[in-house]
Protein chains: 2
Amino acid sequence: MECLKYKITKQGEVALFNFELDEAIEPEDLKKIKLPDPVAEKVTDKAVVISGRGPIWLYGFIIHHFHPCMAVAVFDPRLGKAVIVESHSKKYTIGETININIGG
Amino acid sequence: MECLKYKITKQGEVALFNFELDEAIEPEDLKKIKLPDPVAEKVTDKAVVISGRGPIWLYGFIIHHFHPCMAVAVFDPRLGKAVIVESHSKKYTIGETININIGG
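Residues numbered from 1 in each chain as written. Chains lettered and ligands numbered in written order. Predicted model: local features only at pLDDT ≥ 70, side-chain atom pairs only at ≥ 80, totals over all residues. Heavy atoms only, no water.

Chemist: So what exactly am I meant to see when it comes to the relation of the copies chain A and chain B here?
Modeler: Relative to chain B, chain A is turned by 180° and slid 0.0 Å along the rotation axis, the superposed coordinates differing by an RMSD of 0.0 Å. This pairing of chains is accounted for by a two-fold axis. Here 100% of the interface residues in chain A have copies in chain B that are interface residues too; the copies meet face to matching face. (Least-squares fit on C-alpha atoms with pLDDT ≥ 70 in both. Contact = heavy atoms within 4.5 Å.)

See below:
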């Protein structure tokens, strides 16, 4: 399933995972989506910020995928910031917001 | 912060975590929200379905909290079903949908 396109951009200690959907996504598509390996992408020592328009369950899937990383955050367009939702480091606290340039 | 109210309802192998927000939630509220302990609630052997209206980062926080459980799913009102987003059991597959009565 190539409905999900993504780009990873590193900005210092933060890695932005920006995705786009070409078409409406259905739950069963999650079985076919290949997300990038955090180790191969060298983002396990970074806070991964997820950004893009998609259903909450797609976010849940992506968030869990990046669980091996130092921290995971969700970009909120309303706030213009990313919110840390899980952290395995003292560098980031849940509920902390981080500024990131999402481009576009 | 008591802005988040929730109720856990068990339905066989599934536990529904239904939440409501009294007011607009801000990221820093995540530092104060006390989610129920999955072990004390006896839901670690269940698929926990999260349902409620709130920002994606709140979902991310709740999904990660229930990581010790057998599986975690997000209820999608558009589909009228819950979608498995992480699973630690062969009983559930990512992308699988499950029917659940969310009441209301």
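Here the narrative resumes, following the displayed structure.
Chemist: What am I meant to see in the sheet that holds strand 6 (residues 97-98) of chain B here?
Modeler: With mixed pairing, the six strands of this open sheet are ordered in space as 1-2-3-4-5-6 (chain B). Strand pairing shows two members of the sheet lacking a second neighbour, strand 1 (4-11) and strand 6 of chain B, which therefore form its edges. Where helix 1 (residues 56-65) of chain A meets the sheet, its contacts fall on strand 4 (71-76) and strand 5 (81-87) of chain B, and the angle it forms with strand 5 of chain B comes to roughly 5°. Each of strand 1, strand 2 (14-21), strand 3 (47-51), strand 4 and strand 5 of chain B is contacted by helix 1 (residues 56-65) of chain B, which is oriented at about 145° to strand 2 of chain B, the strand it contacts most. (Pairing = 2+ DSSP bridges. Helix = DSSP H or I, 4+ residues; strand = E, 2+ residues; numbered from the N terminus. Axes fitted to C-alpha atoms, helices over the stretch in contact; angles between N-to-C directions.)

Chemist: I tried to follow unusual backbone geometry on my own but got confused; where do I start?
Modeler: Backbone phi values are negative for most residues with the exception of glycine, while trans is the configuration of most peptide bonds. With a phi angle near 55°, Lys42 of chain A is a residue other than glycine that sits in the positive phi range. For Lys42 of chain A, the location among the structural elements is in the loop between strand 2 (14-21) and strand 3 (47-51).

Chemist: Hey, could you run me through the pairing of strand 4 (residues 71-76) of chain A in this one?
Modeler: When a strand is regular, its side chains alternate between the sheet's two faces. Residues and elements named next belong to chain A. Within strand 4, six of the six residues are buried, which leaves the element mostly enclosed by the surrounding structure. Alternating positions in strand 4 separate into two faces, Ala71, Ala73 and Phe75 on one and Val72, Val74 and Asp76 on the other, with burial throughout. Across four bridges, strand 3 lies against strand 4 in parallel orientation. Paired with Val49 across the bridge in strand 4 is Ala73. On the question of chirality, the crossover connecting strand 3 to the parallel strand 4 by way of helix 1 is right-handed. Judged from the six bridges that link them, strand 4 and strand 5 (residues 81-87) form a sheet pairing that is antiparallel. When the bridges of strand 5 are listed, Val72 appears paired with Glu86. In this antiparallel pair of consecutive strands, strand 4 and strand 5, the connection spans four residues, and Gly80 shows a positive phi of 75°. (Buried < 20%, exposed > 50% of the residue type's maximum accessible area, 1.4 Å probe, protein only. Right-handed = clockwise from strand over helix to strand, strands pointing away.)

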